[in-house]
Amino acid sequence: MRDYLISAWEKHLGPIIDPLWESVIFWRSVSLIILTVILFAYLFRYKLKALIFKTQYLEHDKNIFTQADGIMAENNIVECLNRLQNDASLLGSMLEKIQSFMEFLNQESNQYLTAKTQKATIKLIRSLAILTDFTAQNFFLQGEMIKIQLYQLYPDLRHNASIENIQRYDKFRQQLDSYADTVRNKYKEYRSVVKQNLFI
């Protein structure tokens, strides 16, 4: 049966294909088409590569975002920044979340593959590093209640009503507000880029 079908196709297509083998125009056209395809593939090789690997990039980056968000979600950082700016205080648990978030995204294996997302992440991490450096130098453990650590911005100045101490404290508060605002803005940019590029 198989041999019969092959023989039938050969008889049917033979009269069509045989002249093509001897046609210079046909082979010239085929050659031009192949050369054109090769040229376009070379010229657009980076776009083609990006298109081929786009799905893999998205899957990788979505996984990184999900893990990072599990460490410190949006509501966590908003709560942390609100507390810093409203009360000039920081819970130890919040600080741990920020540090874990930064450490996770700083690892080489957790770098985003999409350039815009990685760029926004770097800016966010830098702003968080500046903020945490400030808290490390200017916040002090005020008390521990049921294993909850509470850090405050210069508690001795906070509770001292002298004009000089109030002025010093206000200066530190202004710095804190500035650093917190920067983090807030960089986090918004980060989430905006993630939404645009990862469709999350």
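Residues numbered from 1 in each chain as written. Predicted model: local features only at pLDDT ≥ 70, side-chain atom pairs only at ≥ 80, totals over all residues. Heavy atoms only, no water.

Visitor: Explain the overall build of the chain here, please?
Guide: A tally of helices and strands in the chain yields eight helices and three strands. Starting at the N terminus and walking to the C terminus, you meet the elements of the chain as α-α-α-α-β-α-α-β-β-α-α. Taken across its 200 residues, the chain has 32% of its residues classed as buried. Partitioning the intrachain contacts of the chain with sequence separation of at least 6 by distance along the chain shows that 67% fall at a separation of at least 24. Per element, the accessible surface of the chain, about 13800 Å² overall, is 59% carbon and sulfur. (Helix = DSSP H or I, 4+ residues; strand = E, 2+ residues; numbered from the N terminus. Buried < 20%, exposed > 50% of the residue type's maximum accessible area, 1.4 Å probe, protein only. Contact = heavy atoms within 4.5 Å. Areas by Shrake-Rupley, 256 points an atom, 1.4 Å probe, with all protein chains shown as cover.)

Visitor: Just to check I follow, could you spell out the pattern of salt bridges for this structure?
Guide: Proximity of charged atoms lets side chains of opposite charge pair with each other. With the rule as written, the count across this model stands at four salt bridges. Notably, a salt bridge pairs Arg191 with Glu74, separated by 3.6 Å at the nearest N-O pair. One end of the pair, Arg191, is in helix α8 (residues 163-198); the other, Glu74, is in helix α4 (residues 74-87), with 117 residues separating them in the sequence. For Arg191, a relative accessible area of 23% translates into the label partly exposed. Salt-bridge contacts for Asp87 lead to Arg158; the nearest nitrogen and oxygen are separated by 2.8 Å. Here the residue Asp87 occupies a position in helix α4, and Arg158 occupies one in helix α7 (residues 155-158), the gap between them amounting to 71 residues. Accessibility expressed as a relative area gives 29% for Asp87, which makes it partly exposed. (Salt bridge = Lys/Arg side-chain N within 4 Å of Asp/Glu carboxyl O.)

Visitor: How do you make sense of the packing of aromatic side chains when you look at a structure like this?
Guide: Any aromatic ring pair is given by two values, namely how distant the centres are and how the planes are angled relative to each other. Evaluation of the coordinates by the stated rule reveals six aromatic pairs. Measuring from centroid to centroid gives 4.5 Å for Tyr154 and Phe172, while their planes differ by 35°, and the two rings are tilted. Remark: Phe172 occurs in helix α8 and Tyr154 occurs in the loop between β3 (148-153) and α7; sequence separation between them is 18 residues. Among the residues examined, Tyr154 registers a relative accessible area of 16% and is labelled buried. For the ring pair Tyr187 and Tyr190, a centre distance of 5.8 Å and an interplane angle of 45° mean the geometry is tilted. Of the two residues, Tyr187 and Tyr190 are both situated in helix α8; the distance of three residues between them amounts to about one turn of the helix. There is no split in this pair, since Tyr187 and Tyr190 are both buried. (Phe/Tyr/Trp six-rings, centres within 6.5 Å; stacked < 30°, edge-to-face > 60°.)

Visitor: Is there a simple way to explain the side chain of Arg184 in this structure?
Guide: With respect to the secondary-structure elements, Arg184 resides in helix α8. Although Arg184 is buried, it makes no salt bridge; Asp181 carries the closest opposite charge, 4.5 Å away. Apart from residues no more than four positions distant in its own chain, Arg184 is found in contact with Leu81, Asn82 and Gln85. (Lys, Arg positive; Asp, Glu negative; His and termini not counted.)

Visitor: Could you clarify how one ought to interpret the packing of α4 against helix α5 (residues 92-106) in this entry?
Guide: If you want to describe how two helices pack, look at the angle between their axes and the distance between the axes. Where α4 contacts α5, the axes come no closer than 11 Å and their chain directions differ by 125°. On the basis of their axis angle, the class for α4 and α5 is oblique. As α4 packs across α5, the resulting crossing turns out to be left-handed. Contact residues: α4 offers Asn76, Glu79, Cys80 and Arg83, while α5 offers Met94, Lys97 and Ile98. Residue composition of the contact of α4 with α5, grouped by class: three nonpolar, one polar and three charged. (Axes fitted to C-alpha atoms, helices over the stretch in contact; angles between N-to-C directions. Parallel < 35°, antiparallel > 145°, perpendicular 65-115°, else oblique. Left-handed = near helix turned anticlockwise from the far one by under 90°. Nonpolar A, V, L, I, M, F, W, Y, C, P; charged D, E, K, R; others polar.)

Visitor: Honestly, the environment of Val194 in this entry has me stumped. Any pointers?
Guide: Structurally, Val194 can be placed in helix α8. Taking the C-alpha atoms as reference, Val194 lies 8.7 Å from Lys116; in sequence the two are 78 residues apart. When residues no more than four places from it in sequence are discounted, the contact partners of Val194 are Phe65, Thr117, Phe199 and Ile200.

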